[in-house]
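Chain residues, written in single-letter form:
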Amino acid sequence: MSTTLARMKPTSSTKHINTSAEAVLAKAQSGRAVIQDFVPLADSLEWNLGQQYLRERGNKAFLSDARPVPFVINNDGTLSRNAAQVFFASCLAADKAGTLEADIYVLELGIGVGLFARYFLDAFRDLCVEHDKDYYGRLCYIAGDHSKQMLLDAARHGVFANHPGHYLLREVDALDPAKYLRADLGLGGEQPRSVRAVFLNYVIDCLPPAVLEVDGDTVKQLCVRTCIARNIKLEKHTDLTLAMLVERAKSAAQADGTRSVPATARQELLEVYGLFASEYDYREVDPTKLPHGEFAVEYARKSVKRVLHNYGAIQSLERLLGLLHAEGFILINDYGQTKKSDVQDFEHQRFSLTTAMGLNFPLLRAFFEKSGTYRWVEPLEETESIHARLLGRQPAMETIVGFVECFGKAERDRIEEPLKKARECQKVGRFELAADLYRKAVQLQPSNWMLLCEVAHFLIYALRDIKAGLDMVKVGLRINPTCSSELWTALANGLHEFGRYEEAEQAYLRALQLNAKDRRAKEGLAGVLAQKGDYGGALKMIAEAFVLANPGENFDELLRKQNQILVKLARQMQMDYLLLANLISRHVSDATQPTMSGAAARQREESSGSSITALESRAT
Ligand SMILES: C[S@@+](CC[C@H](N)C(=O)[O-])C[C@H]1O[C@@H](n2cnc3c(N)ncnc32)[C@H](O)[C@@H]1O
């Protein structure tokens, strides 16, 4: 039956029905107001504004957005310790070979919150102390980012405060690093310095890509049309009209050479950026006009039809290799495809309002191996979420071995296993076993502040050892004092449980200073305010927490807390009535006048009493 159907040619009537169904859909899809017509992905308004959002928002994109850019995976200390070990091995090898320079330079691009750098420096210093080497004393860590705001935030948050004299904060565009580092590296001078290592975590995925579709001699590339999202009434959100937005978008396109939108137009567009949606289509392109376009087309012809071509990443890596010591290495940690396959999900990723597109690791490998000049090293087995790669000219064997040991799946599994098991035990109430496993987890990841935060909550709420929980949070806060509202909320929760309400309130407020959208901090603060008798403030906090909550996960708990506050409020009101009634009865008996009767006051009291009982049953 199905075969018959499959073979059936469309009759004129089914054809007509299909065509009209398609037409209906096409019409529905074309109903969106266009702000910028189809242009290549990397030139699109959405891509450019996404990049600029990150530039302007600084570390708030990670710490304080409602759906922040994920950052913990690269900033929990584990990646830093592994990178420090590989780097230490490379220094040791160079030292033995007598090639280690007096001043050792490393460079990180796209530092984000900067915690990777902080923990790298901590771990490298510790390794040097442990092995009695002076490399840390000779080290200069150049922390670069294209966003001035990001660098300012790192300085303001004191992220590098533990390492005075060992770091430089620099504005650097990964697409042209030498231009920005000329003075620091003495480029063009008599004794230019080279860098021993370059760290690139989730940064070259921010550089311009293209998606190419190769079919015989025809090459097309992914283009994007930017529209106003469906069901958005522009006038509700901005006083800019559609025509004005189109105008701003045009001026953005004119600034294409520098890939940056003029400041005022940019600001205005950014304000409404969240209202935009994209449409995609493949349009013909001359590959010779794309950086390394012919290479990508050749690559696609040999293996896949549709290929992600990270030409910005290639440009950046080529230029960084030019700054690298012959024995140095570039360490990439990023997401993307690791197998040669068609790009299925070609939509670029939106984290908060930023844009990025994962890396095509096989294509990068093919590019850098083709000349025979570079070594591209991969771990023996891939980890699931993030992929590490090492690239250099002649990295020492010790460096390669260190990389393979530290960055494979086996090592990640070894480190994560006790934590996974601890969570499972906790779920089924096996708290003592969970405590043992958490201890192993903390041994393996001593600077993972997110883990310490989790263990603190386990101690406070599961083991009911509040003092230990508070001590644990304090360890976490020593490691990461300024970039985690979660840790401040955990501290506040412990203080709250201890009955130290004033201090708890201060800690919740500190958490909210770091992240005004921290739902748990609002929920906790509501509890403290209710404790203080500020029921209005407490209910307001709960209302704000509702807005940030996930209905499926948090609504029940919030409703329960809201009812607890209402119970207290109703009691308070009942007390107020009683007070009033007593005042009045004294007044009545004093004056022997028939005003509000005791019965009426009792009735009010009773009715408020019954509503309290109803609230209480909901609050428990
Ligand atoms: C997704 S974040 C990753 C941050 C951090 N490395 C991490 O793993 O959490 C990308 C970072 O790269 C920076 N960035 C984006 N484009 C850049 C460029 N062309 N040159 C240098 N930094 C750039 C951003 O400002 C941001 O700090």
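Residues numbered from 1 in each chain as written. Predicted model: local features only at pLDDT ≥ 70, side-chain atom pairs only at ≥ 80, totals over all residues. Heavy atoms only, no water.

**Student:** Looking at this structure, I do not really get helix α16 (residues 397-406). What am I missing?
**Tutor:** Residues that lie three or four places apart on an α-helix share one face, since the helix turns once every 3.6 residues. Where α16 is concerned, the buried positions are Thr 399, Ile 400, Gly 402, Phe 403 and Cys 406. For α16, the angular spread of the buried residues around the axis is 160°, confining them to a single face. Pointing more than 90 degrees away from the buried face of α16 are the exposed residues Met 397 and Glu 405. In the core, the buried residues of α16 are packed alongside α6 (78-97), β10 (324-334), β15 (375-377), β16 (387-392) and α17 (409-427). (Buried < 20%, exposed > 50% of the residue type's maximum accessible area, 1.4 Å probe, protein only. Helix = DSSP H or I, 4+ residues; strand = E, 2+ residues; numbered from the N terminus. Arc of directions from axis to C-beta. Contact = heavy atoms within 4.5 Å.)

**Student:** So what exactly am I meant to see when it comes to the packing of helix α14 (residues 311-323) against helix α15 (residues 361-369) here?
**Tutor:** The description of two helices packed together rests on the angle between their axes and the distance between the axes. The N-to-C vectors of α14 and α15 enclose an angle of 40°; their axes lie 11 Å apart at closest approach. As judged from the angle between their axes, α14 and α15 are oblique. In this structure, α14 crosses over α15, and the sense of that crossing is right-handed. Here α14 contributes Ala 313, Ile 314, Leu 317, Glu 318 and Leu 321 to the contact with α15, which in turn contributes Leu 363, Leu 364, Phe 367 and Phe 368. Split by residue class, the contact of α14 with α15 holds 8 nonpolar, no polar and 1 charged. (Axes fitted to C-alpha atoms, helices over the stretch in contact; angles between N-to-C directions. Parallel < 35°, antiparallel > 145°, perpendicular 65-115°, else oblique. Left-handed = near helix turned anticlockwise from the far one by under 90°. Nonpolar A, V, L, I, M, F, W, Y, C, P; charged D, E, K, R; others polar.)

**Student:** I tried to follow unusual backbone geometry on my own but got confused; where do I start?
**Tutor:** Negative phi characterises most residues that are not glycine, and trans characterises most peptide bonds. Residues other than glycine seldom take positive phi values, yet Asp 132 does so here, at roughly 55°. Tracing the backbone shows Asp 132 in the loop between α7 (115-130) and β3 (139-145). For Asp 132, a relative accessible area of 71% translates into the label exposed. At Tyr 202, a position not held by glycine, the phi torsion is positive, near 50°. Mapped onto the fold, Tyr 202 is located in the loop between β5 (195-201) and β6 (210-215).

**Student:** Please clarify how the packing of α6 against α16 should be interpreted in this entry.
**Tutor:** For the pair α6 and α16, the least separation of the axes is 8 Å and the interaxial angle reads 165°. Relative to α16, α6 is oriented roughly antiparallel. Here α6 runs over α16; the crossing is right-handed. Together, Asn 82, Gln 85, Val 86, Ala 89, Ser 90 and Ala 93 of α6 and Glu 398, Thr 399, Gly 402, Phe 403 and Cys 406 of α16 make up the contact between the two elements. Residues of the contact of α6 with α16, tallied by class, amount to 5 nonpolar, 5 polar and 1 charged.

**Student:** Where do I start with the pairing of β16 in this structure?
**Tutor:** Two faces belong to every sheet, and in a regular strand the side chains alternate between them. Among the 6 residues of β16, 6 are classified as buried, and the element is accordingly described as predominantly covered. Going residue by residue along β16, you find His 387, Arg 389 and Leu 391 tucked away on one face and Ala 388, Leu 390 and Gly 392 tucked away on the opposite face as well. Judged from the 3 bridges that link them, β15 and β16 form a sheet pairing that is antiparallel. Across the sheet, residue Val 377 finds its bridge partner in β16, namely Leu 390. (Pairing = 2+ DSSP bridges.)

**Student:** In this structure, what is going on with the sheet that holds strand β4 (residues 167-171)? I would like to understand it.
**Tutor:** Across a sheet, paired strands are connected by hydrogen bonds in the backbone, their directions being either parallel or antiparallel. The sheet built from 7 strands is open, its strands ordered β4-β3-β2-β5-β10-β16-β15 with mixed pairing. Since the sheet does not close on itself, it has two edges, and those belong to β4 and β15, each with one partner. Across this sheet, the average inter-strand angle for adjacent strands is 15°, counted without regard to direction. Pairing of strand β2 (residues 104-109) with β3, which is carried by 6 bridges, proceeds in the parallel orientation. Considered in β3, the bridge of Leu 107 is made with Ile 142.

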